[in-house]
Amino acid sequence: MGSLEHIRFDIPVIGQICPVLIIGAGGIVEGAHLPAYRLAGIPVAGIFDIDISKARRLSTVFAIPCVYDSIQQMVAENGCNCIYDIAVPGSRIAEVIRQLPGNSYALIQKPMGENEEQAAQILQLCRQKNIAAGVNFQLRYAPYILMAKQMLSEGLLGDICDLEVYVNVYTPWHLWRFLYGAPRVEILYHSIHYIDLVRNILGEPAGIFAQTTRHPLMMQLAAVRSNIIMDYGDFVRVNISTNHTHDFGMHNQDAYIKIEGTKGAVKIKLGLLMNYPDGVEDSFEYIVSGGHPYEWKKLPINGSWFPHAFIGSMYEIIKARQGIIARPDNSVEDCMNTMRLVELAYNASFNFSKPL
Ligand SMILES: NC(=O)c1ccc[n+]([C@@H]2O[C@H](COP(=O)([O-])OP(=O)(O)OC[C@H]3O[C@@H](n4cnc5c(N)ncnc54)[C@H](O)[C@@H]3O)[C@@H](O)[C@H]2O)c1
């Protein structure tokens, strides 16, 4: 097997694009949206937050020309000549979409509402107003995932027969105050990325099974650890195991996605999740048949989940608006299925907890 140097991630050359207007100026916009758009040369023309001081601060840090006093003002001045980038908590998404103009384009931060019912409401609103919207399930576009997909499409891994996500880290949930008192935490806000990724790679599962568990030292939070199994028939094992409460130093922290096929395998270390939010280095290891037996090799990654993957989710909306694709890959229609699986996972966990 020759060199696999062509398996690489490069920031896409996006070309002429209309400006992005951001609604919500919180942590994820500062840490990922704006750095990603800066890297890809995507212009940001304005920002709004119900806490105007947050919008003002980010406008200064990222040289955003306009801070709006309201969504109405933003819409009145820009209409459909932009892409609306919504990054507010899931429970507030519908009220924001109601204020957007019809026939416009939008990217919505995940989760698509706090449950399947809210997701269906968001989908219906987008359809009624003919808003072409996508959801920011951006792990699909993380550099190392795009590299794994490239290997899959070239047949280098053969047929997938095992997909495993393993997370054993300490996640500082207190960074997201809105999670305190929220009825759902881990699957809805974290493992949702993996459920979405598995769907994106393998298609719809026949079923989903889960148990999600609370932690005795995190009494103000709902379940923060999960075991999820997705059913892809007799020959494909899909397993998501997350423990975010490993508060015992870095020594045994670990986070990876492993994809095994009939011809080869890839193991991606999710460095971002370890020692969060500083993270440690990611890695991309692979093994393919035809090489030296059991010799794992590494490839450079040229980017990470944060912020590079956020280019991919916005690029889908840009391509749809430019008419290059009919519908974003991460469309609200597609992502509704991820929300449906999240709902089924919580139902499965609830039923699992019932006495035999
Ligand atoms: N895709 C990812 O990987 C990822 C990562 C982190 C957070 N998120 C999601 O992004 C969303 C925001 O997370 P965050 O970490 O930035 O939270 P945050 O609390 O730091 O920011 C949310 C911001 O939204 C503003 N806001 C609330 N309602 C609003 C409204 N109606 N109009 C305008 N602004 C409003 C708040 O004032 C706040 O500044 C959450 O839904 C979260 O799940 C996604």
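Model, not experiment: these values are computed from the prediction.

**What about the overall build of the protein chain?**
Point 1. For the protein chain, the helix and strand inventory stands at nine helices and 14 strands.
Point 2. Taken over C-alpha atoms, the radius of gyration comes to 20 Å for the protein chain, in line with the 21 Å a tight globule of 356 residues would show.
Point 3. Considering only C-alpha atoms, the protein chain reaches an extent of 60 × 55 × 40 Å along its principal axes.

**Observations regarding the sheet that holds strand β5 (residues 105-108)**
Point 1. A sheet is described by the order of its strands in space; here six strands give the open sequence β3-β2-β1-β4-β5-β6, paired in parallel fashion. Of all the strands in the sheet, the pair left with one neighbour each is β3 (66-67) and β6 (132-135).
Point 2. As defined by bridge partners, strand β4 (residues 83-86) adjoins β5 across four bridges and the pair is classed as parallel. Looking across to β5, one finds that Ile83 is bridged to Tyr105.

**Some points on the sheet that holds strand β7 (residues 160-168)**
What links the strands of a sheet is backbone hydrogen bonding, and the strands pair in either a parallel or an antiparallel sense.
Point 1. Taking strand neighbours across the sheet as the criterion, the eight strands line up as β8-β9-β10-β7-β11-β12-β13-β14 in an open arrangement whose pairing is mixed. The outermost strands of the open sheet, each flanked by one partner alone, are β8 (207-213) and β14 (297-299). On average, each strand axis in the sheet is inclined to that of its neighbour by 15°, with strand direction left out of account.
Point 2. Here six bridges tie strand β12 (residues 264-269) to strand β13 (residues 283-288), and the two strands are oriented antiparallel to one another. Bridge pairing in β13 links Gly264 to Val288.
Point 3. Sheet strands in contact with helix α9 (residues 332-352) are β8 and β9 (225-231), and its direction is about 60° off that of β8.

**A few points about the packing of helix α7 (residues 186-202) against α9**
Point 1. Where α7 contacts α9, the two axes come as close as 9 Å, and the packing angle between them is 120°. For the element pair α7 / α9, the angle class is oblique. Note on packing geometry: the crossing formed by α7 with α9 is right-handed. Of the residues in α9, those in contact with Ile187, Leu188, Ile192, Ile195, Asp196 and Arg199 of α7 are Asn337, Thr338, Leu341, Val342, Ala345 and Tyr346.
Point 2. The class makeup of the residues in the contact of α7 with α9 is eight nonpolar, two polar and two charged.

**Some details on the pairing of strand β10 (residues 237-243)**
Point 1. Pairing between β7 and β10: seven bridges, direction parallel. Following the sheet pairing, Val167 is matched in β10 by Thr242.
Point 2. Both β9 and β10 contribute to a ladder of seven bridges, which runs antiparallel. The partner of Met230 across the bridge, within β10, is Val238.
Point 3. Hairpin connection, β9 to β10: the antiparallel pair is bridged by five residues, and Gly233 has positive phi, about 90°.

**Observations regarding the domain arrangement of the protein chain**
Point 1. Annotation of the protein chain at the domain level lists domain 1 (20-138 + 310-331) and domain 2 (140-309).
Point 2. Placing the centre of domain 1 and that of domain 2 at their C-alpha centroids yields a distance of 26 Å.
Point 3. Per-element accounting of the side of domain 1 that touches domain 2 gives the leading share, six residues, to helix α1 (residues 27-40).
Point 4. Here the side of domain 1 that touches domain 2 is composed, by residue class, of nine nonpolar, six polar and two charged.

**Topic: the site of the ligand**
Point 1. For the ligand, the set of nearby residues contains 27 residues, the closest of which are Gly24, Gly26, Gly27, Ile28 and Gln109.
Point 2. The set of elements that each furnish at least two residues to the shell around the ligand consists of α1 and α4 (93-98).
Point 3. Per-element accounting of the shell around the ligand gives the leading share, three residues, to α1.
Point 4. For the shell around the ligand, the residue count by class is 14 nonpolar, seven polar and six charged.

**What to know about unusual backbone geometry**
Point 1. Here the bond from Lys110 into Pro111 is cis, since omega is -5°, no more than 30 degrees from zero.
Point 2. Checked against the element boundaries, Pro111 lands in the loop between β5 and α5 (116-128).
Point 3. Of note, the amide linkage connecting Phe306 to Pro307 takes the cis form, showing an omega dihedral of 0°.
Point 4. Relative to the helices and strands, Pro307 is located in the loop between β14 and α8 (309-321).
Point 5. A positive phi angle, close to 50°, is found at Asn130, a residue other than glycine.

**Considerations on the pairing of strand β11 (residues 254-261)**
Point 1. Every second residue of β11 is oriented toward a common face, the buried set being Ala255, Ile257, Ile259 and Gly261 and the non-buried set Asp254, Tyr256, Lys258 and Glu260.
Point 2. Relative to β11, β7 runs antiparallel, the two being bridged by eight bridges. By the bridge assignment for β11, Tyr166 is matched with Tyr256.
Point 3. Here β11 runs beside β12; their pairing, made up of five bridges, is antiparallel. Among the inter-strand pairings, Tyr256 is bridged to a residue of β12, identified as Lys269.
Point 4. Linking β11 to β12, which pair antiparallel, is a turn of two residues.

Thresholds, definitions, all that
For every chain, the first residue of the written sequence is number 1, and numbering continues from 1 along that sequence. This being a predicted model, a pLDDT of at least 70 is required before a residue's local features are given, and a value of 80 or more before pairs of side-chain atoms are given or counted; all residues contribute to the totals for chains, interfaces and linings. Helical segments are the DSSP runs of H or I of at least four residues, strand segments are the runs of E of at least two, and each set is numbered from the N terminus. Atoms counted for the radius of gyration: C-alpha only. Globule rule: 2.2 Å times the number of residues to the power 0.38. A pair of strands is labelled paired if DSSP reports no fewer than 2 bridges between them. Fitted lines through C-alpha atoms give the axes, limited to the stretch in contact for helices. The angle between two N-to-C directions lies from 0 to 180 degrees. Note that contacts rest on C-beta atoms placed from the backbone: two residues are in contact if these are within 7 Å. Roughly parallel means an angle under 35 degrees; roughly antiparallel means over 145; roughly perpendicular covers 65 to 115; every other angle is labelled oblique. Handedness of a crossing is defined here by the sense of rotation of the near helix relative to the far one, left-handed for an anticlockwise turn of less than a right angle and right-handed for a clockwise turn. Gly is put with the polar residues, along with every residue not named as nonpolar or charged; the nonpolar set is Ala, Val, Leu, Ile, Met, Phe, Trp, Tyr, Cys and Pro, and the charged set is Asp, Glu, Lys and Arg. Where each domain starts and ends follows an automatic or database-derived domain assignment. Here, nearness is defined through the C-beta atom: a residue counts as near a molecule or strand if that backbone-placed atom lies within 6 Å of it. The burial criterion counts other C-beta atoms lying within 10 Å of a residue's C-beta, which is placed from the backbone; the residue is buried at 20 or more, exposed at 12 or fewer, and partly exposed between these limits.

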